[in-house]
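The chain contents come next:
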Amino acid sequence: QVQLVESGGGLVQAGDSLRLSCTASGLTFSRYYMGWFRQAPGKEREFVAVISGRSGSAYYEDSVKGRFTISRDNAKNTVYLQMNSLKPEDTALYFCAAATTLTDYSESRRYSYWGQGTQVTVSS
């Protein structure tokens with residue numbers, strides 16, 4: 001079966017950094033777009049970043065541009081989200097997701113598989 005497992009979340013102060021990891025199994029990893037989404041209490045799930053399977057093309061939500069970097073290591077079946085200059089408004093449950101094809105990378109329903117999520121909490 002396909003499984004995506006996130007790790008790296010935690011409680012940090014504003015201005016700190018975290019690196020999230022998501023390791024996949026049960027799929028041909030290099031063929032999938034890999035995305036990060038987040039959901040805060042009382043808010044809808046929102047797109048954060050996505051990276052293509054082999055070319056490494058990446059796209060970001062405006063609010064995280066210049067602070068977050070998505071990357072992947074296909075040899076390790078792992079996608080990363082480096083988060084710098086964290087703000088309290090970044091507090092959310094972060095999910096990784098996989099998609100074979102995308103017509104709109106920001107729509108969560110386009111992704112076939114999801115991880116369980118890892119909590120990021122940023123205090124002021």
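Residues numbered from 1 in each chain as written. Predicted model: local features only at pLDDT ≥ 70, side-chain atom pairs only at ≥ 80, totals over all residues. Heavy atoms only, no water.

**Here's the deal with the pattern of salt bridges**
- Counted according to the given criterion, the structure contains six salt bridges.
- The residue glutamate 107 makes a salt bridge to arginine 109 at a minimum N-O spacing of 3.3 Å.
- Take glutamate 107: its relative accessible area is 28%, and that puts it in the partly exposed class.
- Connected via shared salt-bridge partners are Arg38, Glu46, Arg67 and Asp90. (Salt bridge = Lys/Arg side-chain N within 4 Å of Asp/Glu carboxyl O. Buried < 20%, exposed > 50% of the residue type's maximum accessible area, 1.4 Å probe, protein only.)

**Remarks on unusual backbone geometry**
- Unlike most non-glycine residues, asparagine 77 shows phi in positive territory, near 55°.
- With relative accessibility at 23%, the residue asparagine 77 sits in the partly exposed group.
- Although it is not a glycine, serine 85 sits at a positive phi angle of roughly 50°.
- Following the sequence through the fold, serine 85 ends up in the loop between strand S8 (78-83) and strand S9 (92-99). (Helix = DSSP H or I, 4+ residues; strand = E, 2+ residues; numbered from the N terminus.)

**Re the nonpolar core**
- Ranked by size, the top nonpolar core spans 28 residues in total, and within it Met34, Trp36, Leu81, Met83 and Tyr94 carry the most contacts.
- Counting only elements with at least two residues in this core, the list comes to strand S3 (18-25), strand S4 (33-39), strand S5 (46-51), strand S7 (68-73), S8, S9 and strand S11 (118-123).
- If you look at the next biggest cluster of nonpolar residues, it comprises six residues, including Phe37, Val50, Ala97 and Tyr111. (Core = buried A, V, L, I, M, F, W, Y, C linked by side-chain atoms within 4.5 Å.)

**Quick look at the sheet that holds S7**
- Taken in spatial order, the four strands line up as S1-S3-S8-S7 in an open sheet, and their pairing is antiparallel. One side of each edge strand has no neighbouring strand; the edge strands of this open sheet are strand S1 (3-7) and S7. Across the sheet, the axes of successive neighbouring strands diverge by a mean angle of 15°, strand direction being ignored.
- With six bridges connecting them, S7 and S8 associate as antiparallel partners. Looking at the pairing, threonine 69 lines up with glutamine 82 of S8. (Pairing = 2+ DSSP bridges. Axes fitted to C-alpha atoms, helices over the stretch in contact; angles between N-to-C directions.)

By themselves, these are just geometric observations and shouldn't be taken as functional.
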